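The residues making up each chain are set out below.
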Amino acid sequence: EIVEHLHIFYGEPMPQLLYSEEEGVVTTIKLANHEPCMHKLLLMDNDTEKLNMLVRPKLESLASQYGATVTQALPTMLEWLPAGCSKALGVSKLCEHLGIDPTTQLLALGDAENDAGMLEMACIGVAMGNGCDRAKGAADFVTEESNCEGGAGVAMELFGFGGTTL
């Protein structure tokens, strides 16, 4: 049920078994043997203290050994990503493709750790009132409203649609 929620609400892909076919025989393959490689791995647990105090340090140690990175989008979920993969890189590439200078023309909105780099690179980075400390620290402005209370709309009214600048 949580996997479906992540798919519907956040656009995460649904999990899939990986198959290999040789001489007409179809078998499942291990993730470690999947080519070219994985996009990301999500680790989830409702025990956020265990996730952050026990799992995350071990995962970060492994990530540094294998050229990966660990970030967090939700309190109950850690993300293992290939090194260099981030929202900041994706937004940077999109801006480059569209001819937008992110340091003078980009308004970025976020609330989670995985948004911090994007908020830092933007001309104006806005964290939602319910954002984590890392997102708030990376932002130029923090809304009083949460993302569920219209914080994104407030930010766009203030900075995006004829509003003020910092």
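Owing to the predicted nature of the structure, the values given are computational and were not obtained by experimental measurement.

**Student:** Could you clarify how one ought to interpret helix α2 (residues 48-65) in this entry?
**Tutor:** Every α-helix winds through 3.6 residues per turn, so residues three or four apart in the chain are directed the same way. With 18 residues, α2 should reach 26 Å at 1.5 Å per residue; the first-to-last C-alpha distance of 24 Å fits that figure. At V55, α2 shows its largest kink, close to 45 degrees, and the proline P57 lies no more than four residues downstream. Inspection of α2 places L51, R56, L59 and A63 among the buried residues, and these make up the whole buried set.

**Student:** Looking at this structure, how should I read the sheet that holds strand β5 (residues 77-82)?
**Tutor:** Within a sheet, neighbouring strands are paired by backbone hydrogen bonds and run either parallel or antiparallel to one another. Spatially, the three strands line up as an open sheet ordered β3-β5-β4, and their pairing is antiparallel. Looking at strand neighbours, the two that pair on one side only are β3 (41-44) and β4 (68-74), the edges of this open sheet. Strand-to-strand twist in this sheet, taken as the mean axis angle between neighbours without regard to direction, amounts to 25 degrees. Bridge count for β3 against β5 is four bridges, and the pairing is antiparallel. The partner of M44 across the bridge, within β5, is M77.

**Student:** I would appreciate a short explanation of the pairing of strand β7 (residues 124-127) in the present structure.
**Tutor:** A regular strand places its side chains so that they alternate between the two faces of the sheet. Of the two faces of β7, the one carrying I124 and V126 and the one carrying G125 and A127 are both buried. Judged from the four bridges that link them, strand β6 (residues 107-110) and β7 form a sheet pairing that is parallel. Note on β7: the bridge partner recorded for A108 is G125. Where the polypeptide runs from β6 across helix α5 (residues 116-121) and back to β7, its parallel neighbour, the crossover connection is right-handed. Strand direction decides the pairing type here: β7 and strand β8 (residues 141-142), joined by two bridges, are parallel. Directly across from V126, in β8, lies its bridge partner F141.

**Student:** Even after reading the chapter, I still don't get the sheet that holds β7, so can you show me in this structure?
**Tutor:** Taken together, three strands build an open sheet; the order of strands is β6-β7-β8 and the sheet is parallel. Looking at the sheet topology across the chains shown, the edges are occupied by β6 and β8. Helix-sheet contacts for helix α7 (residues 151-160) involve β6, β7 and β8, and the interaxial angle to β6 is about 165 degrees.

**Student:** I'm lost on the pattern of salt bridges in this one. Help?
**Tutor:** A side chain of one charge can pair with a side chain of the opposite charge if their charged atoms are brought near each other. Counted according to the given criterion, the structure contains five salt bridges. One salt bridge in this structure joins E113 and R56, with 2.6 Å as the shortest N-O distance. Separated by 57 residues along the polypeptide, E113 in the loop between β6 and α5 and R56 in helix α2 bring together distant segments of the chain. With respect to class, E113 is no different from R56; both count as buried. R134 is the salt-bridge partner of E113, the closest N and O atoms lying 3.6 Å from each other.

**Student:** Explanation requested: the environment of S146 in the structure shown.
**Tutor:** Mapping S146 onto the fold places it in the loop between β8 and α7. Setting aside residues up to four positions removed in sequence, S146 forms contacts with M128, G129, N130 and G151.

**Student:** Explain the packing of aromatic side chains to me, please; I cannot follow it from the model alone.
**Tutor:** Aromatic rings in a pair are described by how distant their centres are and how their planes are angled relative to each other. Tallying each qualifying case throughout the model produces one aromatic pair. Between F141 and F159 the ring centres are 5.2 Å apart and the planes differ by 75 degrees, which places this aromatic pair in the edge-to-face class. Separated by 18 residues along the polypeptide, F141 in strand β8 and F159 in helix α7 bring together distant segments of the chain.

**Student:** Looking at this model, I keep getting lost on the nonpolar core. Mind explaining?
**Tutor:** General note: in soluble globular proteins, nonpolar side chains tend to be found buried as a group. With 14 residues, the main nonpolar core has V91, L106, A108, M118, L119, M121 and A127 as its most contacted residues. Those elements that place two or more of their residues in this core are α3 (87-98), α5 and α6 (133-138). Here this core gets four residues from one element, more than from any other, and that element is α5. Among all residues touching V91, those that are not within four sequence positions of it are L106, M118 and M121. Formed by seven residues, the second largest nonpolar core is a distinct cluster that contains L51, A63, A68 and V70.

Thresholds applied
- Residues numbered from 1 in each chain as written.
- Predicted model: local features only at pLDDT ≥ 70, side-chain atom pairs only at ≥ 80, totals over all residues.
- Heavy atoms only, no water.
- Helix = DSSP H or I, 4+ residues; strand = E, 2+ residues; numbered from the N terminus.
- Expected span 1.5 Å × (residues − 1).
- Bend = angle between axes of the 7 residues up to and from the residue.
- Buried < 20%, exposed > 50% of the residue type's maximum accessible area, 1.4 Å probe, protein only.
- Pairing = 2+ DSSP bridges.
- Axes fitted to C-alpha atoms, helices over the stretch in contact; angles between N-to-C directions.
- Right-handed = clockwise from strand over helix to strand, strands pointing away.
- Contact = heavy atoms within 4.5 Å.
- Salt bridge = Lys/Arg side-chain N within 4 Å of Asp/Glu carboxyl O.
- Phe/Tyr/Trp six-rings, centres within 6.5 Å; stacked < 30°, edge-to-face > 60°.
- Core = buried A, V, L, I, M, F, W, Y, C linked by side-chain atoms within 4.5 Å.

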